[in-house]
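Topology and contacts: notes
Next come the chains, spelled out residue by residue.
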Amino acid sequence: MFKAFFILLFLHGLVLNTFSSSSSEEEDDDGSSKKESEEHPLKGHGVHWGYEDQAAWSSEYSHCSGKSQSPINIDSRRAVYDPKMPPITLEGYDLTGDDSALTLLNNGHTLQLSLPNTMHIVSGFDSEYRAAQLHFHWGTKEVPGSEHTIDNVHFPAEIHVVHYNSKYADLSKAANQSDGLVVLGGFIGIGLHENDNYEKILAALTDVSTEESNTEIPGFNVRHLLPNNLKRFYRYNGSLTTPPCFQTVNWTMFNDTITVSRRQLAALEETLKAGRQQHLNKNFRTPQLLHGRQVFASFTDMPTGAGRGRLGGFVPSPGSSDFLSRGDILAIAFGALFAVTLLLFLLFAYLQHKKYSKIREDLRQNVIYKPATKEES
Ligand SMILES: *[C@@H]1O[C@H](CO)[C@@H](O)[C@H](O)[C@H]1NC(C)=O
Ligand SMILES: *[C@@H]1O[C@H](CO)[C@@H](O)[C@H](O)[C@H]1NC(C)=O
Ligand SMILES: *[C@@H]1O[C@H](CO)[C@@H](O)[C@H](O)[C@H]1NC(C)=O
Ligand SMILES: *[C@@H]1O[C@H](CO)[C@@H](O)[C@H](O)[C@H]1NC(C)=O
Ligand SMILES: [Zn+2]
């Protein structure tokens, strides 16, 4: 009885701890990159920025130390479900049989494919956004290299499809406008099969192995580089993840992931060079502080449209009632269990007390007491 009580008490404490720590845990710092700034003192203008000295970016590009930087860690339990976010519709993404080929470039920071502005996002945002280019971020065999993280976990790689607001002339004009850019991002993981769509790009890797080299590849359906399901996504206001770090990106990170084969990922990680000898890899920026920004989710895992996220994070629309997240329900269940256990314990203690006062009375009356039952320890 006592044992069971203490086990329950322990469980209860554990659960409360888990929930309170999850709600009080604040944005993580990027101390590692701060340390690097000491090893890489401020370099002069005109020196190329690199991923080794990320903390130094802001000395030359002031926006990089802003309060709406990207990438970020996406805490899936804290994302606020927003059922009103319009679904994303793409047009002109199928470039199969297009006359004009696409230019694939190794720019020393990434592998980039130029896209025609006939490719665009027709709905999902307040304006129409035209495609300009797509590129990737990756790591090594040992270090997963996605820029965004989900619950502090990196994926092996990430794709970014960069779009600019069609009210501006081109990407460079739009880049420093507050409503200038939209990036559609997808997490790339490892699957059992070759990804034939990614192979359209990866097959040309050896042609762009040196920095600043480029090649032409035939048009294909670019839609197939993104996840199948575009309805489930995270949304937040952020920035370019490379200098000049303009805070002008309306970010969409899809929840559904893309897979390529181990061999395909290895080709991306090992083929390209930056500079003379250096491998072009680990081209991802450290997740940045949220500074109070909210991440929204277009989806929820609750079956009946219940809100997800931390308590109070979900703003009910007029006429709808408050919903409880899975965490809240668990907390309430354990709370109830604890209360019941406590009551049972008090009852037990009371009965014991009664029994022993009876024994004392019996002893006083010189009656030899014989226990009827053996108590469990
Ligand atoms: C991003 O797009 C959403 C949906 O159209 C919009 O509500 C939000 O204001 C946009 N963010 C910015 C910074 O423009
Ligand atoms: C954007 O940059 C251009 C120069 O490239 C400048 O003329 C313009 O004022 C900038 N706009 C904003 C909103 O910073
Ligand atoms: C982004 O910023 C715009 C205006 O600056 C705001 O209306 C919108 O709610 C923000 N969106 C998110 C997802 O924080
Ligand atoms: C997708 O959403 C689920 C449910 O919130 C979450 O557990 C998972 O980590 C998400 N994955 C990605 C890649 O966003
Ligand atoms: Zn990027």
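Details of the structure are given in the entry above.
Procedures and definitions
Residues numbered from 1 in each chain as written. Chains lettered and ligands numbered in written order. Predicted model: local features only at pLDDT ≥ 70, side-chain atom pairs only at ≥ 80, totals over all residues. Heavy atoms only, no water. Disulfide = S-S within 2.5 Å. Helix = DSSP H or I, 4+ residues; strand = E, 2+ residues; numbered from the N terminus. Near = heavy atom within 4 Å. Polar contact = N/O pair within 3.5 Å; in protein donor to acceptor, adjacent residues only side chain to side chain. Areas by Shrake-Rupley, 256 points an atom, 1.4 Å probe, with all protein chains shown as cover. Nonpolar A, V, L, I, M, F, W, Y, C, P; charged D, E, K, R; others polar. Buried < 20%, exposed > 50% of the residue type's maximum accessible area, 1.4 Å probe, protein only. Contact = heavy atoms within 4.5 Å. Pairing = 2+ DSSP bridges. Core = buried A, V, L, I, M, F, W, Y, C linked by side-chain atoms within 4.5 Å. Salt bridge = Lys/Arg side-chain N within 4 Å of Asp/Glu carboxyl O.

1. Looking at the state of the cysteines
Following the criterion strictly, the structure yields 1 disulfide and no others. Disulfide pairing is shown between Cys-64 and Cys-245; the S-S distance is 2.1 Å. Note on the Cys-64 and Cys-245 pair: the S-S dihedral is about 80°, so by sign convention the disulfide is right-handed. In this pair, Cys-64 is assigned in the loop between α3 (57-60) and β1 (73-74) and Cys-245 in the loop between β13 (233-238) and β14 (249-254), connecting sequence segments 181 residues apart.

2. Description of the site of ligand 1
Looking at ligand 1, the residues that line it are Gly-124, Phe-125, Asp-126, Arg-235, Asn-237 and Asn-250. Here a nitrogen atom of ligand 1 sits 3.2 Å away from a polar atom, N or O, in the side chain of Asn-237. Measuring from an oxygen atom of ligand 1, one finds a side-chain N or O atom of Asn-250 at 2.4 Å. The fraction of the free accessible surface of ligand 1 (360 Å²) that becomes covered by protein chains is 62%. Looking at the shell around ligand 1 residue by residue, the classes come out as 1 nonpolar, 3 polar and 2 charged.

3. Structural notes on the side chain of His-137
Mapping His-137 onto the fold places it in strand β7 (residues 129-138). For His-137, a relative accessible area of 2% puts it in the buried group. A distance of 3.2 Å separates the side chain of His-137 from the side chain of His-135, its partner in a polar contact. Excluding anything up to four places from it in sequence, His-137 contacts Tyr-51, Gly-145, Glu-147, Ala-157, Glu-158, His-160, Thr-241, Asn-283 and Phe-284.

4. Some words on the sheet that holds strand β9 (residues 153-154)
Taken together, the 3 strands give an open sheet; going across it, the order is β1-β8-β9, and neighbouring strands pair in mixed fashion. The open sheet terminates on both sides in strands that have one partner only, identified here as β1 and β9. Of the pairings in the sheet, the one linking β1 to strand β8 (residues 149-150) comprises 2 bridges and is parallel in character. Its bridge partner lying in β8, Ile-74 is registered against Ile-150.

5. Remarks on the nonpolar core
One finds Leu-111, Leu-134, Leu-184 and Ile-201 to be the most contacted residues of the largest nonpolar core, which totals 46 residues. Elements supplying a minimum of two residues to this core: β4 (102-106), β5 (111-114), β7, β10 (157-165), β11 (181-191), α5 (196-202), β15 (258-261) and α6 (262-271). The contacts of Leu-111, once residues within four sequence positions are left out, are Leu-104, Leu-105, Leu-134, His-135, Phe-136, Trp-138, Ile-201, Leu-205, Val-208, Leu-268 and Leu-272. Judged by nonpolar contacts, the second largest core, of 23 residues, contains Ala-174, Leu-240, Phe-246 and Trp-251.

6. Remarks on the pattern of salt bridges
For the structure shown, the criterion picks out 7 salt bridges. Asp-301 serves as the salt-bridge partner of Arg-232, at 3.4 Å between the closest nitrogen and oxygen. Taken as a pair, Arg-232 in the loop between β12 (214-217) and β13 and Asp-301 in the loop between β16 (296-297) and α7 (326-364) lie far apart in primary sequence, 69 residues in all. Salt bridges linked by common partners bring Glu-194, Glu-199 and Arg-263 together as one network.

7. Structural notes on the environment of Lys-141
Tracing the chain through its elements places Lys-141 in the loop between β7 and β8. What makes Lys-141 exposed here is its relative accessible area of 58%. Each C-alpha atom of the pair Lys-141 and Glu-269 lies 7.4 Å from the other, and the pair is 128 residues apart in sequence. In this view, Lys-141 contacts Arg-262 and Glu-269; residues no more than four positions away in its chain are not counted.

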